[in-house]
Amino acid sequence: FDVFNFEEPNLGVATVTGSVNGSERTSHVAQNLNSEAVISLADDAVVSVDSAVPDSFWRGFVMSGGDNQGGISGAGGKSTVVVADRASFTVQQDLHMTLGLDAAAESALKVIGPDATVAINGQLRMAIDDLGTPSSGSATIHSVITGDSHSTITVGGDALIDQGSLLVELDGYSPIGGESYTLLAAGNIVGTSFRDQDFSLAPLRPGLSWDLAIGSNSILLNVLGSALLCDLNGDSQCDIGDLDLLIEGIAAGSSDQILDLNGDGMVVLSDRDAWLTLAGAENLPSGNAYLVGDANLDGAVDVPDFNIWNGAKFTTSGLWSEGDFNADGSTDVTDFNAWNGNKFLSSAAVS
């Protein structure tokens with residue numbers, strides 16, 4: 001192993017090229033039960049593995065199992081490779097995910113965001129050895145989606161996926177419908193489905209659904225449907241219940257991606273304005289935005305809205321429907337001032 005040589009011109013580049021211990025060695029991590037290995041690559045980190053063992057089935061990099069002579073004697077521990085930012089991870093031959101003999105053996109290839117590079121120039125073998133024997137452990141591709149595009153794992157040869165698992169996670173992004181992500185592209189995909197699929201970390205807005213399309217050369221993850229972005233509670237309407245949820249979320253400092261209507265990564269007062277615009281376009285004949293101070297969302301700021309504010313003044317319900325227009329958690333003078341600034345105005349008359 002020649003790791004982090006720190007010599008020009010490869011300063012900061014980690015390269016595994018066989019072994020100083022002799023050609024009988026292979027590259028593997030987390031061989032034994034209860035062992036754990038994590039390789040985390042971020043920023044512009046570059047790691048490549050080039051390991052071709054003579055007279056051995058195993059070429060490349062082995063996660064969770066294997067031994068240093070290209071066998072499968074290890075029970076297998078837990079191993080994770082994380083590739084984020086603009087980092088690059090390359091295996092010149094095959095990537096063997098979970099060769100261990102124990103059911104507790106597990107491996108994960110975690111790819112974060114749209115700018116990472118993951119290249120496997122040989123085969124990707126997920127929880128299955130070169131003789132076709134499935135592992136009782138698990139091997140997982142963990143895709144962390146952070147925007148409307150995502151990095152693609154490229155495999156030069158076969159990608160054997162049917163004993164593997166897929167975990168999808170959303171981080172700081174809430175799809176709006178129509179997105180399509182190529183999670184993996186290969187010379188040939190062996191298998192028509194993953195053994196397990198987990199979308200519990202990737203909740204979608206109402207009206208949207210995940211669709212996984214596995215073809216002969218690619219794995220696509222599509223977002224089907226069209227989201228009504230201002231429908232926050234899933235009842236297919238944009239009404240006061242949704243706005244109350246949003247006002248509560250802003251007051252509480254929520255990080256719920258569904259409440260981040262303008263996509264800036266924060267749930268703040270600008271999301272209130274985005275909701276008023278979206279809901280107005282959906283509900284009002286004029287298509288104009290609702291006005292701040294329109295407590296009952298009837299399209300006008302008038303006496304009934306003042307009465308709602310007056311009935312709830314100096315309370316801390318933190319609801320638009322009870323006069324908290326600025327989402328600070330209370331109904332007070334600042335909310336009256338918001339009503340007063342728009343009093344007797346109508347959304348129908350605002351262009």
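Let me sum up the structure you'll find in this document. Every value quoted in this text rests on a predicted model; they were computed, and no experiment measured them.

**A word on the sheet that holds strand S9 (residues 106-112)**
Spatially, S3-S6-S9-S12-S14-S16 is the arrangement adopted by the 6 strands of the open sheet, whose pairing is parallel. Two strands in the sheet have a free side with no partner beyond their single neighbour: strand S3 (36-41) and strand S16 (196-201). Averaged over all pairs of adjacent strands, the angle between their axes in this sheet comes to 15°, without regard to strand direction. With 4 bridges connecting them, strand S14 (residues 165-170) and S16 associate as parallel partners. By the bridge assignment for S16, Ser165 is matched with Asp196.

**Things to note about the packing of aromatic side chains**
Taken as a whole, this structure holds 10 aromatic pairs when the rule is applied. Between Trp275 and Tyr290, the aromatic rings sit 6.3 Å apart at their centres with planes inclined by 20°, giving stacked as the arrangement. With Trp275 in helix H2 (residues 269-283) and Tyr290 in the loop between H2 and helix H3 (303-312), this residue pair connects regions lying 15 residues apart in the sequence. Residue classification places Trp275 among the buried positions, given a relative accessible area of 0%.

**Observations regarding the packing of H3 against helix H4 (residues 333-342)**
Between H3 and H4, the shortest axis-to-axis distance is 11 Å and the interhelical angle comes to 175°. Classified by the angle between their axes, H3 and H4 sit roughly antiparallel to one another. Only Asp335, Phe336 and Trp339 of H4 make contact with H3, whose side of the interface consists of Asp305, Phe306 and Trp309. Along the lines of polarity and charge, the residues of the contact of H3 with H4 split into 4 nonpolar, no polar and 2 charged.

**Here we look at the nonpolar core**
In terms of nonpolar packing, the biggest core is built from 49 residues, with Phe61, Phe89, Leu95, Leu124, Ile153, Leu184 and Trp210 touching the most fellow members. When residues of this core are assigned to their parent elements, the largest contribution, 5 residues, is made by strand S15 (residues 180-190). One finds Cys230, Ile258, Val267 and Trp275 within the second-largest nonpolar core, a separate group that totals 26 residues.

**Some words on H4**
Listed in full, the buried residues belonging to H4 are Asp335, Trp339 and Asn342. Down the axis of H4, the buried set is contained in an arc of 75°. They therefore lie on one face. Check the buried side of H4 and you find it contacts H3. A positive backbone phi angle near 70° is found at Phe344, which sits one or two residues after H4.

**Thoughts on the state of the cysteines**
Within this structure, the stated rule accounts for 1 disulfide. Two residues, Cys230 and Cys238, share a disulfide whose sulfurs are 2.1 Å apart. As the torsion about the S-S bond is roughly 75°, the Cys230-Cys238 disulfide counts as right-handed. When its relative accessible area of 2% is taken as the criterion, Cys230 is described as buried. Given the relative accessible area of 5%, Cys238 is considered buried.

Analysis parameters
Residues numbered from 1 in each chain as written. Predicted model: local features only at pLDDT ≥ 70, side-chain atom pairs only at ≥ 80, totals over all residues. Heavy atoms only, no water. Pairing = 2+ DSSP bridges. Helix = DSSP H or I, 4+ residues; strand = E, 2+ residues; numbered from the N terminus. Axes fitted to C-alpha atoms, helices over the stretch in contact; angles between N-to-C directions. Phe/Tyr/Trp six-rings, centres within 6.5 Å; stacked < 30°, edge-to-face > 60°. Buried < 20%, exposed > 50% of the residue type's maximum accessible area, 1.4 Å probe, protein only. Parallel < 35°, antiparallel > 145°, perpendicular 65-115°, else oblique. Contact = heavy atoms within 4.5 Å. Nonpolar A, V, L, I, M, F, W, Y, C, P; charged D, E, K, R; others polar. Core = buried A, V, L, I, M, F, W, Y, C linked by side-chain atoms within 4.5 Å. Arc of directions from axis to C-beta. Disulfide = S-S within 2.5 Å.

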